[in-house]
Amino acid sequence: MEIQELNNLYEKLLKDKNFDILRSDLKEPNIFEILRISKKEIRHSNFLSWLLDPKGNHGLNDQFLNRFLSEVSLYSNNKLENHIFDMKNIEIRREWKFIDLLIIFENEVICIENKIFSSEHSDQLIRYKKLIESEFPDKKKFFVYLTPFGIPSEQETEVYIPISYQSVINSLEDIYKINFDNMNLSVKNYINDYITTLKRDVMGNDKL
């Protein structure tokens, strides 16, 4: 390609209104990008634990939790019964004995292994399963393998339920729309930024 032709194309690009919109959108501040944590797996688990906690200061009660549990129940051989329980008794644990996320109800426990930019290793899923079975012998147990595209576990395909981050995006977009007028401004910004981060940095399907 000749230099003049390249210059002409570049000039045409700069005058394109869609390109102006693109540049403007890319300049929008995003708290996850500002803190440089958009690709930190542990930070995603932290944010998810906040959203899953019905007692969290996000003010959304159990909206995200219920959507997540519905997804688990949909693909599980055993059906969750947690919906009849008092959500005040729920416990969310982070990095408990190296398990990313743990949701504990009176009669049920859900173990979540979160994988975004890494893969399973060192028989960790098998170890987590044995640990949960040992620590919660009387509870109904569910195991979730959360990844960007919902790929099954290599070692524990029959045990861990594969769930995609796309379902997280769908749930948050619904919650964002439903609660838009009543949501705290900071919470609204956090959720909007997180949706953008998931689409852009995790799923790679952001419109930009």
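This text goes with the structure placed above it.
Our subject in this report is the structure included herewith. Since we're looking at a predicted model, the values are computed, not measured. (Residues numbered from 1 in each chain as written. Predicted model: local features only at pLDDT ≥ 70, side-chain atom pairs only at ≥ 80, totals over all residues. Heavy atoms only, no water.)

## What about the overall build of the protein chain?
The condition that has to hold: Numbering of helices and strands runs from the N terminus, with a helix taken as a DSSP run of H or I at least four residues long and a strand as a DSSP run of E at least two residues long. A simple rule labels every residue: compare its accessible area, found with a 1.4 Å probe on the protein chains alone, to the largest value its type can have, and call it buried under 20%, exposed over 50%, or partly exposed in between. Throughout, the Shrake-Rupley method with a 1.4 Å probe supplies accessible areas, and for residues the shown protein chains are the sole cover considered.
Looking only at helices and strands, the protein chain has eight helices and five strands in total. Within the protein chain, the fraction of its 208 residues that count as buried is 44%. Working note: accessible area of the protein chain is about 12100 Å², and carbon and sulfur atoms make up 49% of it.

## Digging into the packing of aromatic side chains
The criterion, for reference: A pair of aromatic rings is counted whenever rings of Phe, Tyr or Trp (Trp by its six-membered ring) have centres within 6.5 Å, and the orientation is called stacked for planes under 30 degrees apart, edge-to-face for over 60 and tilted otherwise. Two limits define a charge over a ring: the Lys NZ or Arg CZ must be within 6 Å of the ring centre, and within 35 degrees of the ring normal.
This model, assessed by the stated rule, comprises six aromatic pairs. Aromatic pair Phe47 and Tyr194: ring centres 4.5 Å apart, planes at 45 degrees, arrangement tilted. Here Phe47, found in helix 4 (residues 41-52), pairs with Tyr194, found in helix 8 (residues 185-203); they are 147 residues apart in sequence, far enough to count as distant. For the pair Trp50 and Tyr190, a centre-to-centre distance of 6.4 Å together with 75 degrees between the ring planes defines the contact as edge-to-face. Of this pair, Trp50 sits in helix 4 while Tyr190 sits in helix 8, and the two are 140 residues apart along the sequence. Look at Tyr190 and you get partly exposed, because its relative accessible area is 37%. Positioned above the aromatic ring of Trp96 is the side chain of Arg93, whose terminal nitrogen or guanidinium carbon lies 5.1 Å from the ring centre. The ring of Phe180 carries Lys188 above its face, with NZ or CZ at 3.9 Å from the centroid.

## Remarks on the side chain of Ser49
Operational definition: Polar contacts, as used here, are pairs of N or O atoms within 3.5 Å; protein pairs need one atom able to donate a hydrogen and one able to accept it. Residues neighboring in sequence count only if both atoms are side-chain atoms.
Within the secondary structure, Ser49 sits in helix 4. A polar contact of 2.7 Å, which involves the side chain of Ser49, links it to the backbone oxygen of Asn46.

## Focus on the pattern of salt bridges
Any two side chains of opposite charge can pair if their charged atoms end up close together. Test applied: Think of a salt bridge as a Lys or Arg side-chain nitrogen and an Asp or Glu carboxyl oxygen that are within 4 Å of each other.
This model, assessed by the stated rule, comprises six salt bridges. One salt bridge connects Glu91 with Arg93, and the closest N-O pair in it is separated by 2.7 Å. Residue classification places Glu91 among the partly exposed positions, given a relative accessible area of 34%. The shortest N-O distance in the salt bridge between Glu113 and Lys115 comes to 3.3 Å. Each member of the pair, Glu113 as well as Lys115, is classed as buried.

## Focus on the pairing of strand 5 (residues 160-164)
Rules: Any two strands are treated as partners once DSSP identifies two or more bridges connecting them.
Counted residue by residue, strand 5 has four buried out of five residues, so it is predominantly covered. Relative to strand 5, strand 4 (residues 140-147) is paired through five bridges, and the arrangement is parallel. Residue pairing in the sheet places Val144 in a bridge with Ile161 of strand 5.

## Re helix 5 (residues 63-74)
Every α-helix winds through 3.6 residues per turn, so residues three or four apart in the chain are directed the same way. So the rule is basically this: Under the convention used throughout, the expected extent of a helix is 1.5 Å for every residue step, that is, one less than its residue count. Any two residues whose heavy atoms approach within 4.5 Å at even a single point are treated as in contact.
The terminal C-alpha atoms of helix 5 lie 17 Å apart, and with 12 residues this matches the ideal 16 Å at 1.5 Å per residue to within 8%. All of the buried residues along helix 5 are Gln63, Phe64, Leu65, Phe68, Leu69, Val72 and Ser73. For helix 5, the elements touching its buried residues are helix 4, strand 2 (99-104), strand 3 (108-114), strand 4, strand 5 and helix 7 (165-178).

## Some words on the sheet that holds strand 1 (residues 91-96)
Put simply, the test is: Simply put, an axis is a line fit to the C-alpha atoms, just over the touching stretch for a helix, and the angle between two N-to-C directions goes from 0 to 180 degrees.
A sheet is described by the order of its strands in space; here five strands give the open sequence 1-2-3-4-5, paired in mixed fashion. At either end of the open sheet lies a strand with only one pairing partner, and these are strand 1 and strand 5. Looking at each pair of strands side by side, their axes are set apart by 25 degrees on average, direction ignored.

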